[in-house]
Amino acid sequence: MAAPRNMLSGYAEPAHINDFMFEQQRRTFATYGNSQLKESAFLKYQVLHRSCLCRYMLNEWESQKVGVPLPKILYVTEACSLRRSLMRSFKHLLELFLSPEVCLHKGYALDPSIDNPEVATKYIGSVEEAEKNQGLTVFETGQRKIEKRKKFKENDASNIDGFLGPWAKYVDEKEVAKPSEEEQKELDEITAKRQKRGKLEDDKPGEEKTILHVKEMYDYQGRSYLHVPQDVGVNLRSTVPPEKCYLPKKQIHVWSGHTKGVSAVRLFPLSGHILLSCSMDCKIKLWEVYGDRRCLRTFIGHSKAVRDISFNNAGTQFLSAAYDRYLKLWDTETGQCISRFTNRKVPYCVKFNPDEDKQNLFVAGMSDKKIVQWDIRSGEIVQEYDRHLGAVNTIVFVDENRRFVSTSDDKSLRVWEWDIPVDFKYIAEPSMHSMPAVTLSPNGKWLACQSMDNQILIFGAQNRFRLNKKKIFKGHMVAGYACQVDFSPDMSYVISGDADGKLNIWDWKTTKLYSRLKAHDKVCIGAVWHPHETSKVITCGWDGLIKLWD
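Remember, it's a predicted structure, so these values are computed and weren't measured experimentally. Positions within a chain are numbered from 1, following the residues in the order the chain's sequence is written. Local features in this predicted model are restricted to residues of pLDDT 70 or higher, and side-chain atom pairs are both shown and tallied only at a pLDDT of 80 or more, whereas totals for entire chains, interfaces and linings draw on every residue. Derived side-chain values reflect all non-hydrogen atoms in the structure, with water molecules and hydrogen atoms excluded from consideration.

## Comments concerning the overall build of the protein chain
Inference 1: Helix numbering and strand numbering both begin at the N terminus, where a helix is a DSSP run of H or I of at least 4 residues and a strand a DSSP run of E of at least 2. Helix and strand content of the protein chain: 8 helices and 31 strands.
Inference 2: Counted over contacts in the protein chain with a minimum sequence separation of 6, partners at least 24 positions apart contribute 48%.
Inference 3: Surface exposure here means Shrake-Rupley accessible area, sampled with a 1.4 Å probe, where a residue is shielded only by the protein chains that are shown. Total accessible area on the protein chain is roughly 30,500 Å²; 50% of this is exposed by carbon and sulfur atoms. Note on definitions: a residue-residue contact is assigned when non-hydrogen atoms from the two residues lie within 4.5 Å.

Structure (structure tokens):
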């Protein structure tokens, strides 16, 4: 008996699987089974549109042996005129594909070759899985729902101390992420490789010792070298600067003792009767400025070059910062190392807070872009100023010590309120260069910044920190070196060393370069004008010498 004609061209089977069913069955199969077929098979399917003849697809598969995701092939029959036999051959093909060699896990889907509601439902793929899930589709089983992680609950806002709200921690949350033993081993190996092929760097601080170079530490009256002399022809206890300063003309003394370049020199606070110097030979030395101008004491304790030094207000203690990553606090009189501080980064500059009530606090500019504040009493870091984008080069206190200015390799100048870790003023222009040396003027109104484009820039040190464009000091070669700048006590002159070893002196009012003295054979890195003298300047250089000019 011929099949009833249901369209002009003859008989066509009804499309018994609609789009929704097709997608549902495909997802069910994909969810419960993870087929390991090649990606090219999926691409192949995209090329062969669902409306193509299955015969063509079979021939393709047979001829090229291209893996096609068969659950999709199975359902492409939706709009095709196929005979039942073709469907059976597909079923056979499917079973071939779902063999253990091809699939890692089998999924299941309804058998599309059965189009009779009276026949019991049959499945293709993993029948056991189908029976286990009672033939439910991926949308019906609800297996994919993962239980939410439980949180500690305390939503009572009136409980001020205990209220957690949405910030509550998870019950199973681990607060300390500690690596397992295997992970720790791996991490140690990587760290060892990084540190020069397993050579672990010696992190121990150098052993501190001191050498006294004078016969007697105390004079007949029991006074040490910290006592301010009164027989030198100048009142070193005066708080009033000399009325008029003059240009230094000649060298009158050389302090030699350092075996390598001198990094910085600092005069004793207020009086300036003794001089502290730090060097690349890892040593710090204390010298007399008056009298016999002897070397008084050597402080040994750093294992690498010393970068910066800073006295406290009384001058009884000083801090040293070195490339061995340690900051050390020394007793100026006895030479004893009182304490040491480190955060495993190189300190580039160090400064005590000049306030009398904050003499236990100091700040250090580090190589990791941070300014770190330590408390000497506890030996702990009490604040971190972390806004710079490059290593911090200088720190200078301004505005009656309520604020401090820092400069960095990021070519910016930032102003901070003390103990507030957010800069309230940020100065950075595209034309600006790095300014690795900054000095505050004696009257506290100006900041002299040694810029790496061979000029000294002057910024206002009160309120607005504006660049004074009328005061730019040029004529020296300084690019690449952090040569210290200083002012004469009466604000008439500005002095600076340079890369050629020369001492440059400018007139403050006219910015005219008045004098250039050949001070050192190598870089003249430091220049300090004595606060009580009219024309005495101290310079230090990378030739290892410290010189006095008058």
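## Brief notes about the UniProt feature "repeat: WD" (unreviewed entry) in the protein chain
Inference 1: UniProt positions are given in the numbering used here, feature names are shortened, and annotations may be inferred rather than shown by experiment. As annotated by UniProt and renumbered to match this structure, "repeat: WD" (unreviewed entry) occupies residues 255-289, 299-340, 385-417, 485-516 and 517-550.
Inference 2: The span residues 385-417 is 0% helical and 58% strand by assignment, and the distance between its end C-alpha atoms comes to 10 Å.
Inference 3: With 0% helix and 53% strand, residues 517-550 has its two end C-alpha atoms placed 11 Å apart.

## With respect to the pairing of strand β30 (residues 537-541)
Inference 1: Across the 5 residues of β30, 5 count as buried, placing the element largely inside the fold.
Inference 2: Exposed residues in this analysis have more than 50% of their type's maximum accessible area, buried residues have under 20%, and partly exposed residues fall in between, with area computed by a 1.4 Å probe over protein chains only. The side-chain alternation of β30 yields two buried faces, one formed by Val537, Thr539 and Gly541 and the other by Ile538 and Cys540.
Inference 3: Both strand β29 (residues 524-529) and β30 contribute to a ladder of 5 bridges, which runs antiparallel. From the neighbouring strand, Cys524 faces β30, where its bridge partner is Gly541. The pairing criterion is simple: DSSP has to find at least two bridges between the two strands.

## So, the packing of aromatic side chains
Inference 1: Here a pair means two rings of Phe, Tyr or Trp (six-membered ring of Trp) with centres within 6.5 Å. Their orientation is stacked below 30 degrees between planes, edge-to-face above 60, and tilted elsewhere. A complete count under the given rule lists 24 aromatic pairs for this structure.
Inference 2: Measuring from centroid to centroid gives 5.1 Å for Tyr385 and Phe404, while their planes differ by 90°, and the two rings are edge-to-face. Note that Tyr385 is positioned in strand β16 (residues 380-385) and Phe404 in strand β18 (residues 403-408), a separation of 19 residues in sequence. As far as burial versus exposure is concerned, Tyr385 and Phe404 are alike and both buried.
Inference 3: Here Phe404 and Trp416 contribute two aromatic rings whose centre-to-centre distance is 6.2 Å and whose plane-to-plane angle is 15°, an arrangement assigned as stacked. On the criterion of sequence distance, the pair formed by Phe404 in strand β18 and Trp416 in strand β19 (residues 413-417) is long-range, its members being 12 residues apart. For the residue pair Phe404 and Trp416, the accessibility class agrees, reading buried in each case.

## Describing the pairing of strand β26 (residues 493-497)
Inference 1: By the criterion of burial, β26 is predominantly enclosed, with 5 of the 5 residues buried.
Inference 2: Residues Tyr493, Ile495 and Gly497 line one face of β26 and the alternating positions Val494 and Ser496 line the opposite face, and both faces are buried.
Inference 3: Sheet analysis places strand β25 (residues 485-487) next to β26, joined by 3 bridges and oriented antiparallel. Bridge pairing in β26 places Asp486 opposite Ile495.
Inference 4: Remark: 5 residues form the turn of the hairpin made by β25 and β26, two consecutive strands paired antiparallel; Met491 in that turn has positive phi of roughly 65°.
Inference 5: Here 5 bridges tie β26 to strand β27 (residues 502-507), and the two strands are oriented antiparallel to one another. Within β27, the residue paired with Gly497 across the bridge is Leu503.
Inference 6: Between the end of β26 and the start of β27, which pair antiparallel, lie 4 residues, with Gly501 showing a positive phi angle near 85°.

## As for the layout of surface pockets
Inference 1: The rule is simple: put a 1 Å grid over the protein atoms alone, call a set of points where a 1.4 Å probe fits but cannot get out a cavity, call an open set with protein on both sides within 12 Å along at least five of seven lines a pocket, and count a residue as lining if it has an atom within 4 Å of a point. Grid points are joined across faces, edges and corners, and a volume is the space filled by probe spheres set on the points. In this model, the second largest pocket occupies a volume close to 590 Å³.
Inference 2: Taken together, 23 residues make up the lining of the second largest pocket; nearest its centre are Ser224, Tyr225, His227, Glu288 and Arg294.
Inference 3: Residue composition of the lining of the second largest pocket, grouped by class: 10 nonpolar, 5 polar and 8 charged. In this classification, Asp, Glu, Lys and Arg are treated as charged, Ala, Val, Leu, Ile, Met, Phe, Trp, Tyr, Cys and Pro as nonpolar, and every other residue, Gly included, as polar.

## Quick notes on the sheet that holds β19
Inference 1: Here 4 strands make up an open sheet; going across it, the order is β17-β18-β19-β20 and the pairing antiparallel. Here the strands that pair on one side only, and so sit at the sheet edges, are β17 (392-398) and β20 (425-427). The mean inter-strand angle of the sheet, taken between neighbouring strand axes irrespective of direction, is 20°.
Inference 2: Relative to β18, β17 runs antiparallel, the two sharing 6 bridges. Within the sheet, the bridge partner assigned to Val398 lies in β18 and is Arg403. Note on method: axes are straight lines fitted to C-alpha atoms, helices fitted across the in-contact stretch only, with angles between N-to-C directions ranging 0 to 180 degrees.

## Observations regarding the pattern of salt bridges
Pairing between side chains becomes possible if they bear opposite charge and their charged atoms approach one another.
Inference 1: We define a salt bridge as a side-chain nitrogen of Lys or Arg found within 4 Å of a carboxyl oxygen belonging to Asp or Glu. Scanning all chains against the criterion turns up 18 salt bridges.
Inference 2: Two residues, Asp308 and Arg266, come together in a salt bridge whose shortest N-O distance is 2.8 Å. Highlighted residues: Asp308 in strand β9 (residues 306-311) and Arg266 in strand β5 (residues 262-267), separated in sequence by 42 residues.
Inference 3: Assessed through its relative accessible area of 22%, Arg266 is described here as partly exposed.
Inference 4: Note that Glu384 and Lys370 form a salt bridge whose closest N and O atoms lie 3.5 Å from each other. Remark: Lys370 occurs in the loop between β14 (361-366) and β15 (371-375) and Glu384 occurs in strand β16; sequence separation between them is 14 residues.

## A closer look at the nonpolar core
General note: in soluble globular proteins, nonpolar side chains tend to be found buried as a group.
Inference 1: The nonpolar core is taken to be a set of buried Ala, Val, Leu, Ile, Met, Phe, Trp, Tyr and Cys residues, with the residues joined through side-chain atoms within 4.5 Å. Of all hydrophobic cores here, the largest spans 21 residues; its most connected members are Trp255, Val265, Leu275, Ile538 and Ile546.
Inference 2: Of all the secondary-structure elements, those providing two or more residues to this core are β5, β29, β30 and β31 (545-549).
Inference 3: Here the element with the most residues in this core is β5; it accounts for 3 residues.
Inference 4: Beyond its immediate chain neighbours, meaning those up to four positions away, Val265 contacts Leu275, Leu276, Ser277, Gln484, Val528, Cys540 and Ile546.
Inference 5: Residues Leu226, Leu276, Ile309 and Phe311 belong to the second largest nonpolar core, which totals 19 residues.

## A word on the sheet that holds strand β13 (residues 347-352)
The strands making up a sheet associate through backbone hydrogen bonding, with each pair oriented either parallel or antiparallel.
Inference 1: A sheet is described by the order of its strands in space; here 4 strands give the open sequence β13-β14-β15-β16, paired in antiparallel fashion. Whereas interior strands pair on both sides, the edge strands pair on one side only; in this sheet they are β13 and β16. Taken pair by pair, the neighbouring strands of this sheet meet at an average axis angle of 25°, ignoring direction.
Inference 2: With 5 bridges joining them, β13 and β14 adopt antiparallel strand pairing. Bridged to Cys349 within β14 is Gly365.

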